[in-house]
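# Examination of the molecular architecture
Take a look at the letters that make up each chain.
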Amino acid sequence: MIDEGGRKLQVSVISPTSIGYVGEGESVIVPAYDGQMGILYGHAPMMTLLGDGEVVVRNGSEEHRTRVSGGFLQVVNNEVSVLAERVIEDASEE
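The sections below set out a description of the structure shown in this document. (Residues numbered from 1 in each chain as written. Predicted model: local features only at pLDDT ≥ 70, side-chain atom pairs only at ≥ 80, totals over all residues. Heavy atoms only, no water.)

### Focus on the pairing of strand S7 (residues 62–76)
Strand direction decides the pairing type here: strand S5 (residues 46–49) and S7, joined by four bridges, are antiparallel. Bridge pairing in S7 links Met47 to Gln74. By the bridge criterion, eight bridges tie strand S6 (residues 52–59) to S7 in an arrangement that is antiparallel. Bridge pairing links Asn59 to Glu62 in S7. Hairpin remark: S6 followed by S7, antiparallel, with two residues in the connecting loop; positive phi at Gly60, about 65 degrees. Pairing between S7 and strand S8 (residues 79–88): nine bridges, direction antiparallel. Residue pairing for S8: Val76 is matched across the bridge by Glu79. Connecting the antiparallel pair S7 and S8 is a turn made up of two residues, with Asn77 showing a positive phi of about 50 degrees. (Pairing = 2+ DSSP bridges. Helix = DSSP H or I, 4+ residues; strand = E, 2+ residues; numbered from the N terminus.)

As structure tokens, then:
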């Protein structure tokens, strides 16, 4: 079971001009510059560059998807911060 007794990640997906998602999640998948990366509760602290693609936040049976372009990811103390150059609200904006 992913949530291991209710432990959740605090997740934010933001850009300088918009907020894609802010809330809890059991897992996060991000488009790192060199491929997709998965993050679960207890992940080691890290930073990495982002590529272009979808950030997927899963929380129980719910799934939230936000398309991002560039930026970076930071994971510290079960807080996942996706600081994107651009959050794409609608696929037609690409």
